[in-house]
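A look at the structure
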Amino acid sequence: MNRILRNCRVYDGTGNSWYAADIAISGDRIQRIGNVSGFSADEEIDVRELAVAPGFIDIHTHSDNAPFVPELSKGKLMQGVTTEVIGNCGMSAYPVNPKNAHLLKQYVSSLFGEIDWSWHSLSEYGQVCTSLGMVTNLVPLVGHGAVRIAAMGFDKRPPTAEEMETMKNLLADTMEQGAFGLSSGLIYPPGVFCSTEELVELCRVVRERGGIYTTHMRNESDLVVEAVEESITIGRNADIPVQISHHKAAGKKNWGKPKITVPMIRQARADGIDVDMDLYPYTAGSTLLSAVLPPWCHEGGVQEMLLRLRDPENRRKIQHDMEHGIPGWENFAKSTGWDQVFVASAKHHKELEGKSIEEIARVRGQDPVSALCDTLIEEEGIATMVVFMMSEDDVRFIMKQPETMIGSDGIPDPGKTHPRYFGTFARVLGHYTREEKVLSLEDAVRKMTSFPAKKLGLKDRGMIREGAFADLVVFDPKMVADVATYDSPSEVAIGFHHVFVNGSPVVRNGEFRLVKNGRFIKKGE
């Protein structure tokens, strides 16, 4: 179908000032920009006084289950997101070793939900997604955690030479099947058990195939400076582009440390190391509730963890480790406090959603560690949390850096999850750009479009130009705003009039339409 968008204010994604033009769309591509006379259109849409930008690319998501719950994609489309990068934080649904498949499925079930698995490889997973249909485009990374589980389960040790070769072969195969890079989650098992050298060796395999390395670093609180240095070291030694995921300084005593880490990143770039970062515009994070536990609790996988939590002696050891710490461990409870750790989603006891661990402990007449352990046991380990840990000043500082992209880190979950899934991009455009003037509108759009497209190596997306895919968002800069809150996290954003995915309208006049015109994008296609 051919369409013309009339009277556009074009923010083309490059960061340049907007310009006035008409845009002609033919099928899934932008056919012409500017003078569209002679172009035969089936439909014309007047977007006078509205901004037209490339569809936003969410560089960091956990939307790996999006094709299985397509209705939840409304939260992304209603804020202009047309492309989502999946497989982040070391967690991907592939590759799958049948022998260890149960370990991987249990491990990622808190994020992906309990979906039916019928694949072993990225290619097979992509085929399933395509057969189900996708509302947004999906761009896959391969998770280091998934690769390590396939090769050696949740063992807390270095890989043998044979296991290392297995990981490298799995990684090479997955890259050949279209992955855009390797992600790591170094606060989670089994990533927490790996060495820097292991990551360097694997990243060399990825670099040979033109991929990038994205990382949820080993520490984002007391040792955030050292964690950034490790990320830079991996980039240097593997000669690979690095993306530091959801950069932050967690815990009040660490607020202000981005004034140290950002210059480190800038110096690395000056030294020829391609290091960037992404950010979500909130002072609370969200992840697996089990991430609060010390690393040793996770050895052997979820079922072994749940067995340990039933043991009174182990609970006393957990209490000791939380009070005194373990070298190198990101201790959420100590850095934030139990009153700042909230259950976001629960498998069985929905009444716990939105309650802090401190509150749950008080109601049950327990200490917080016992309340945490019992909650995880009751939920079979399938629960997520929201944890308040960052400063507003740090969020603003990181956001305005030229090395920063925007990523939601959102989880498509119907529970009382983090509002970033429904609000990230609208919040940047409304609160931080229009109201607080942290960014210009042109730069905000760049951080959501051409910048992530260039980092990933995405072809024909992220900019408005002739021949590019017609992923487009039409919004009112004077009205755009996030509505989702921590108490009501599933409220859709406002101010978005039209959204097109591969030329097909999925938002028309502010109304969402469940149209599955997204694509599973493989590197090189």
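Up top is the structure these notes are about.
Residues numbered from 1 in each chain as written. Predicted model: local features only at pLDDT ≥ 70, side-chain atom pairs only at ≥ 80, totals over all residues. Heavy atoms only, no water.

From N to C terminus, the chain includes 17 helices and 21 strands. Expected size for 525 residues packed as a compact globule is a radius of gyration near 24 Å; at 22 Å, the chain falls within 12% of this value. Across its three principal directions, the C-alpha atoms of the chain cover 80 × 50 × 45 Å. Scored against the burial criterion, the 525 residues of the chain give a buried share of 64%. Surface summary for the chain: the accessible area is close to 18,500 Å², and the carbon and sulfur share equals 47%. Measuring between centres, the 58 positive side-chain charges of the chain sit 3 Å from its 71 negative side-chain charges. (Helix = DSSP H or I, 4+ residues; strand = E, 2+ residues; numbered from the N terminus. Rg over C-alpha atoms; globule rule 2.2 N^0.38 Å. Buried < 20%, exposed > 50% of the residue type's maximum accessible area, 1.4 Å probe, protein only. Areas by Shrake-Rupley, 256 points an atom, 1.4 Å probe, with all protein chains shown as cover. Lys, Arg positive; Asp, Glu negative; His and termini not counted. Charge placed at Lys NZ, Arg CZ, Asp CG, Glu CD.)

Okay, the side chain of R461 next. By the secondary structure assignment, R461 is in the loop between α17 (450–456) and β18 (472–475). A polar contact of 2.6 Å, which involves the side chain of R461, links it to the side chain of D471. (Polar contact = N/O pair within 3.5 Å; in protein donor to acceptor, adjacent residues only side chain to side chain.)

Empty space left among the atoms is revealed by rolling a probe the size of a water molecule over them. Applying the stated criterion across every chain yields a total of 5 cavities of 30 Å³ or more. Of the voids in this model, the largest cavity is the one considered here, and its volume is about 160 Å³. Lining the largest cavity are 21 residues; nearest its centre among them are Y188, H216, S286, T287 and D409. Counting residues per element, the lining of the largest cavity draws most heavily on strand β14 (residues 284–288), at 4 residues. Y107, L288, S290, V302 and M305 are the residues nearest the centre of the second largest cavity, which is lined by 13 residues in total. At 4 residues, the largest contribution of residues to the lining of the second largest cavity is made by helix α2 (residues 101–112). Considering only residue class, the lining of the second largest cavity consists of 6 nonpolar, 7 polar and no charged. (1 Å grid on protein atoms, 1.4 Å probe; cavity = no way out; pocket = protein on both sides within 12 Å on 5 of 7 lines; lining within 4 Å. Points joined across faces, edges and corners; volume = space filled by probe spheres on them. Nonpolar A, V, L, I, M, F, W, Y, C, P; charged D, E, K, R; others polar.)

Attention shifts here to the packing of helix α8 (residues 258–270) against helix α14 (residues 392–399). Relative placement of two packed helices is described by the angle separating their axes and the distance separating the axes. It is at 10 Å that the axes of α8 and α14 come closest, and there the two elements cross at 15°. Between α8 and α14, the interaxial angle falls into the category roughly parallel. Considering the relative orientation of α8 and α14, their crossing is right-handed. From α8, P258, K259 and V262 reach across to α14, where they touch D394, F397 and I398. Partitioning the contact of α8 with α14 into residue classes produces 4 nonpolar, no polar and 2 charged. (Axes fitted to C-alpha atoms, helices over the stretch in contact; angles between N-to-C directions. Parallel < 35°, antiparallel > 145°, perpendicular 65-115°, else oblique. Left-handed = near helix turned anticlockwise from the far one by under 90°. Contact = heavy atoms within 4.5 Å.)

Turning to the nonpolar core, a few remarks are in order. Soluble globular proteins tend to pack their nonpolar side chains together in the buried interior. If you look at the biggest cluster of nonpolar residues, it comprises 138 residues, and the most contacted ones within it are F56, M322 and F475. Here this core takes 7 residues from α2, the largest share from any one element. Not counting chain neighbours up to four residues away, the residues in contact with F56 comprise Q79, G80, V81, T82, T83, F425, L429, M448, T449, V473, F475 and F496. (Core = buried A, V, L, I, M, F, W, Y, C linked by side-chain atoms within 4.5 Å.)

If you trace the 3 strands from one edge of the open sheet to the other, you get β14-β16-β15, paired in antiparallel fashion. Whereas interior strands pair on both sides, the edge strands pair on one side only; in this sheet they are β14 and β15 (341–346). Here the average twist between neighbouring strands, direction ignored, is 25°. In this sheet, strand β16 (residues 383–388) lies alongside β14 in antiparallel orientation, the contact comprising 5 bridges. If you follow G285 over to β16, its bridge partner there is V387. (Pairing = 2+ DSSP bridges.)

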